[in-house]
Amino acid sequence: MELERCDLSNLRAGMSSMHRARVSASRLTGMAWTGCVFREVTFDGCRADLAGFRFSSFENVVFRDCVMPEATFQNADLRGSGSRAAT
């Protein structure tokens, strides 16, 4: 699945999952992903300020060149995620 240039601002997606996906150049401002499962997902060039990933789990997830001020990861399992800055 690929989401490109989407505006998902303030969407509520609790207890959902995303597998083998790419989210690119999208706006995720204020989106709530509470209790979600992310596997093999790349977030690339997204604006995710004030996004909430509380109680979610991440496996093989990368946040690349994302702007994420005040994003929350309270009680999230981030062992399988990474972050890459622009080179």
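As a convention, each chain's residues are numbered from 1 in the sequence order in which they are written. Since the coordinates come from a predicted model, pLDDT governs what is reported: local features require at least 70, and pairs of side-chain atoms require 80 or more to be given and counted, while whole-chain, interface and lining totals use all residues. Only heavy atoms go into the side-chain values, all of them from the structure, while hydrogens and water stay out.

**Examining the side chain of aspartate 44**
Secondary structure elements follow DSSP: runs of H or I of four or more residues count as helices, runs of E of two or more count as strands, with numbering from the N terminus. Within the secondary structure, aspartate 44 is located in strand β3 (residues 37-44). Type-normalised accessible area, obtained with a 1.4 Å probe on protein chains alone, sets the label of each residue: buried when under 20%, exposed when over 50%, and partly exposed for intermediate values. Taking relative accessible area as the criterion, aspartate 44 reaches 16% and is therefore assigned buried. Polar contacts involving the side chain of aspartate 44 include one to the side chain of arginine 22, which spans 3.1 Å. Apart from the residues within four sequence positions on either side, aspartate 44 is in contact with Arg22, Val23, Ser24, Ala25, Arg64, Asp65 and Cys66. Whenever a nitrogen or oxygen atom comes within 3.5 Å of another N or O atom, the pair is scored as a polar contact, on the condition that within protein one atom can donate a hydrogen and the other can accept it, and that pairs from neighbouring residues in sequence are kept only if both atoms are in side chains. Contact between two residues is taken to exist if any of their heavy atoms lie within 4.5 Å; hydrogens are not considered.

**Remarks on the packing of aromatic side chains**
Only Phe, Tyr and Trp rings take part, Trp by its six-membered ring, and two of them pair if their centres are within 6.5 Å. Stacked means planes under 30 degrees apart, edge-to-face means over 60, and tilted covers everything else. A complete count under the given rule lists 14 aromatic pairs for this structure. Pairing tryptophan 33 with phenylalanine 53 gives two aromatic rings, centres 6.0 Å apart and planes at 10 degrees, and the pair type is stacked. Taken as a pair, tryptophan 33 in the loop between β2 (17-24) and β3 and phenylalanine 53 in the loop between β3 and β4 (57-64) lie far apart in primary sequence, 20 residues in all. Overall, the relative accessible area of 5% leaves tryptophan 33 in the buried class. Here the aromatic residues Trp33, Phe38, Phe43, Phe53, Phe58, Phe63 and Phe73 are joined through ring pairs into a cluster of three or more.

**Some words on the side chain of serine 56**
Summarising the element assignment, serine 56 is placed in the loop between β3 and β4. Reaching out from serine 56, the side chain makes a polar contact with the backbone oxygen of tryptophan 33 at a distance of 2.6 Å. The contacts of serine 56, once residues within four sequence positions are left out, are Trp33, Thr34, Gly35, Cys36, Phe38, Ala76 and Asp77.

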